[in-house]
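Architecture at a glance
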Amino acid sequence: MNRRPRLLATAAVGATAALLLAACGGGDEEPKGNDKIAGADTGGETSASPEASATASAGRPKIELPSDLTYTFDWPKTGAQEKDAVLNDSEQFIKAVDMAIAEQDPLHKAYRFYSEGTAAAGSQKFIQEFVDYQDRITGAKRYYNSNVKINSDGTAGFVYCEDQNKAYNKSLKTGKTDVTAKSKDNYVLYSSLLRVNKQGIWITEKLTSQRGSTACQS
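Here's a quick rundown of the structure. Note that this is a predicted model, so its numbers are computed, not measured.

Here's the deal with the overall build of the chain
In terms of regular secondary structure, the chain is built from 4 helices and 7 strands. What you see in the chain, going N to C, is helices and strands ordered as α-β-α-α-α-β-β-β-β-β-β. Carbon and sulfur atoms form 47% of the exposed surface of the chain, whose accessible area is close to 10,500 Å².

A closer look at empty space enclosed by the protein
Going through the model one piece at a time under the given rule, you end up with 1 cavity of 30 Å³ or more. Of the voids in this model, the largest cavity is the one considered here, and its volume is about 40 Å³. Forming the walls of the largest cavity are Ser90, Phe93, Ile94, Phe158, Tyr160, Ser192, Thr204 and Leu207. Residues of the lining of the largest cavity, tallied by class, amount to 5 nonpolar, 3 polar and no charged.

Some remarks on the nonpolar core
Within the largest apolar cluster, 34 residues are counted, with the highest numbers of intra-cluster contacts made by Trp75, Phe158 and Tyr160. Top element by residues in this core is helix 2 (residues 81-102). It accounts for 10 residues. In this structure Trp75 touches Leu87, Ser90, Glu91, Ile94, Tyr143, Tyr144, Ser146, Phe158 and Tyr160, once residues within four positions along its chain are discounted. If you look at the next biggest cluster of nonpolar residues, it comprises 6 residues, including Tyr144, Val159, Tyr187 and Leu189.

Some details on unusual backbone geometry
Positive phi, normally seen in glycine, also occurs at Gln134, with a value near 55°. Looking at where Gln134 falls in the secondary structure, it is placed in the loop between helix 4 (117-133) and strand 2 (135-150). Given a relative accessible area of 37%, Gln134 falls into the partly exposed group.

Scoring rules and cut-offs
- Residues numbered from 1 in each chain as written.
- Predicted model: local features only at pLDDT ≥ 70, side-chain atom pairs only at ≥ 80, totals over all residues.
- Heavy atoms only, no water.
- Helix = DSSP H or I, 4+ residues; strand = E, 2+ residues; numbered from the N terminus.
- Areas by Shrake-Rupley, 256 points an atom, 1.4 Å probe, with all protein chains shown as cover.
- 1 Å grid on protein atoms, 1.4 Å probe; cavity = no way out; pocket = protein on both sides within 12 Å on 5 of 7 lines; lining within 4 Å.
- Points joined across faces, edges and corners; volume = space filled by probe spheres on them.
- Nonpolar A, V, L, I, M, F, W, Y, C, P; charged D, E, K, R; others polar.
- Core = buried A, V, L, I, M, F, W, Y, C linked by side-chain atoms within 4.5 Å.
- Buried < 20%, exposed > 50% of the residue type's maximum accessible area, 1.4 Å probe, protein only.
- Contact = heavy atoms within 4.5 Å.

Rendered as structure tokens:
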């Protein structure tokens, strides 16, 4: 008997945050207790979004999502081209995974365009669980407390939070939405490792998550 997949906005490899901030090049910055994520952007000036030019880039898949699934990305632009590109491409990866779920395609080209390695493998497994149960995601999701660092080897570390309290599973068989109560477990801390490919796309290679993170509830 299949178990209904537990909602996660992006597929996380494993249930720990082993890459947490290590990917950002500083284990001494790991959040403790109810502290905010170390170095997370909480405001400041914004620059022109690279999203328009990025979306127009040749080869990028078109992201089309159900009208009942919405997003809020409280990720202030940094003004640094590389960091802002990481923010944009990570947003596209998140949406691409949800599109694959909505279209019930575990090998969807969109999320594979933005991911490789264990992140892509984890995404495929995660999407397959929704396909097996004939579910998709509905509601509203919010992303915040972003922290990007470009490492000396050219990779990027990205840590961010997600609030899933208004996002739910929706059955494709019955059309019914499984509305769940607000819970601390709906706050998820993600840590990803990315690299830029020859096309200038920031590809997510590794992704971990920590559900119920106190750092995302402060």
